[in-house]
Amino acid sequence: MTPSDVKATLSFSDGSPSMDLPIYKGSIGPDVIDIRKLYGQTGKFTYDPGFLSTASCNSTITYIDGDKGELLYRGYPIEQLAQNCDFLETCHLLLYGDLPDEAQKKDFTARVSNHTMVNEQMQFFLRGFRRDAHPMAIMTGLVGALSAFYHDSTDINNPVHREIAAIRLIAKMPTLVSMAYKYTQGQPYMYPRNKLSYAANFMHLMFANPCEEYEQNDVLVRAMDRIFILHADHEQNASTSTVRLCGSSGTNPFAAIAAGVACLWGPAHGGANEAALNMLGDIQKMGGVEKIGEFIKQVKDKNSTVKLMGFGHRVYKNYDPRAKLMRETCHEVLGALGLQNDPLFKLAMALEKIALEDDYFVSRKLYPNVDFYSGIVQRAIGIPVPLFTAIFALARTVGWIAQLNEMIGDPEYKIGRPRQLYVGSVARDVKPITQR
Ligand code: ACO
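Anyway, here's the lowdown on the structure attached to this text. Since this is a predicted model, take the numbers as computed values, not measurements.

**A word on the site of the ligand**
Taken together, 21 residues surround the ligand, and among them Lys302, Leu308, Gly310, Arg314 and Arg364 come closest. At 3.3 Å from a nitrogen atom of the ligand is found a main-chain nitrogen or oxygen belonging to Ala268. Interatomic distance of 2.9 Å between a backbone N/O atom of Gly310 and an oxygen atom of the ligand. Summarising the interface, the protein chains cover 73% of the accessible area of the ligand, which totals 920 Å² for the free molecule. Here the shell around the ligand is composed, by residue class, of eleven nonpolar, five polar and five charged.

As structure tokens, this is what we get:
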């Protein structure tokens, strides 16, 4: 980290001695004030629930400028990656720091392809679930269970183990997500086809059956690949921070990624694409475009808990750049499938237009995020709504691993252990039960 010439000085109004705090400069983005010695020198903690002003690590992977609506993976703008690269190239970039050349791409693709199958025992593990289980409940279990199958890659402190665990996770996630889907449908699991691209293999795993070949549609494969690229990493969001925190105890990579899957499930995070599509369905049932005004009124009502799902973001205070790309993909997919008049898409467009002009949303800088469109695209591809977040988890796995490996490789890393402001009872004595 590069120290700045400027220092921050913390002073106290009760006459306690002031303290100089070093400031570090990032390559872009806000500087950080280093408060690591604060407690030792002053006996005080900082208070920042929700990490509104706290950098939990330094990272070279992803940069977001929320005001500009800019997203860079290893310095490359997301728009350029989405136009010019495929998902496995993006994985190589996130994991190793740069885009692969042709030979590196061939080698990386071969390494990933070699690990697409899962242990045959995995299907018996799946059988323990109810057929109507939510795919994210299944995925949390399956990903955690990988650590029971791959004992040779569970030492997080061993770089060789970390590398093989990374490749295994990226390779096996499509197989596991499709198994979670096929199980709920009562259909046989499909084996991966290693000659296909990563996204085409996923479509095969999902939609082929042993009786019929699945005919790939290039537009849909490209859309799937783009969904993967756009969701691959997003710096220190809730699930990534969960993976880092979980991994900081030295647990194995599969367990740490399972923790990320669990966190992603929440509707304020990865579950928003499912929630956004369900919301569109509810408005449609209420009467469609005609009822948008009524719905927006509920959203703005301070006493209601209704939110415009797929809108708003902790970091983006401008249009989410991923939403722009997803919107474009949405048009392509609906065009290719002849669904331009899809009522939910028309409703989404009308809702977006109204929300972008409404002062409530404008003044709070609430713009559509990626989830607003990704649900419509996935639904058009034929992916059932409850599987949306599992697909997000598939795509985000590479980001989680890249972030986890970066943390373990950082000589300054420590077990994550936040402190608290205790406001509970002071010490008191336990009375015998008859006197309580
Ligand atoms: N609909 C209506 N009002 C909203 C919305 C929304 N989607 N999002 C934020 N607001 C309002 C809040 O009520 C608050 O209003 P107030 O100042 O009058 O109290 C103000 O905007 C600020 O919102 P916060 O909740 O403080 O913003 P925060 O950064 O904590 O939350 C979050 C961000 C969780 C994403 C929020 O915008 C949200 O719940 N959005 C809907 C869910 C969603 O789409 N999540 C996907 C995130 S992207 C991703 O994970 C890929």
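The structure having been displayed, the exposition proceeds.
**Observations regarding the pairing of strand β5 (residues 70-73)**
Sheet topology note: the strand β4 (residues 62-65)/β5 ladder contains four bridges and is antiparallel. Counted as the bridge partner of Tyr63 is Leu72 from β5. Counting the residues that bridge the hairpin from β4 to β5 gives four residues, and of these Gly69 lies at a positive phi of roughly 75°. In sequence, β5 turns back onto strand β6 (residues 76-77) through a hairpin of two residues, with Arg74 there showing a positive phi of about 50°.

**Describing the packing of aromatic side chains**
Think of a pair of aromatic rings as described by two things: how far the centres are apart, and how the planes are tilted against each other in angle. Under the counting rule described, the total for this entry stands at 15 aromatic pairs. Geometrically, the ring pair formed by Tyr96 and Phe108 is edge-to-face, given 5.9 Å between the ring centres and 90° between the ring planes. Linking Tyr96 in helix α3 (residues 87-96) with Phe108 in helix α4 (residues 102-113), this pair joins segments that are twelve residues apart in sequence. The buried category is assigned to Phe108, whose relative accessible area is 1%. Centre to centre, the rings of Tyr360 and Phe361 are 5.0 Å apart; their planes meet at 70°, and the pair counts as edge-to-face. Of the residues examined, Tyr360 reaches a relative accessible area of 22% and is grouped as partly exposed. Phe361 gets classed as buried once you look at its relative accessible area, which sits at 2%. Feature note: the residues Phe311, Tyr360, Phe361, Phe372 and Tyr373 constitute an aromatic cluster, connected by ring pairs. Looking at Arg131, its charged tip hangs above the ring of Tyr183, at a distance of 4.2 Å from the centre. Seen from the ring of Tyr39, Arg419 lies directly overhead, with NZ or CZ sitting 5.4 Å from the centre.

Each value, and the rule that gives it
- Residues numbered from 1 in each chain as written.
- Predicted model: local features only at pLDDT ≥ 70, side-chain atom pairs only at ≥ 80, totals over all residues.
- Heavy atoms only, no water.
- Near = heavy atom within 4 Å.
- Polar contact = N/O pair within 3.5 Å; in protein donor to acceptor, adjacent residues only side chain to side chain.
- Areas by Shrake-Rupley, 256 points an atom, 1.4 Å probe, with all protein chains shown as cover.
- Nonpolar A, V, L, I, M, F, W, Y, C, P; charged D, E, K, R; others polar.
- Pairing = 2+ DSSP bridges.
- Helix = DSSP H or I, 4+ residues; strand = E, 2+ residues; numbered from the N terminus.
- Phe/Tyr/Trp six-rings, centres within 6.5 Å; stacked < 30°, edge-to-face > 60°.
- Buried < 20%, exposed > 50% of the residue type's maximum accessible area, 1.4 Å probe, protein only.
- Lys NZ or Arg CZ within 6 Å of the ring centre and 35° of its normal.

No statement about biological role is implied by the geometric values presented.
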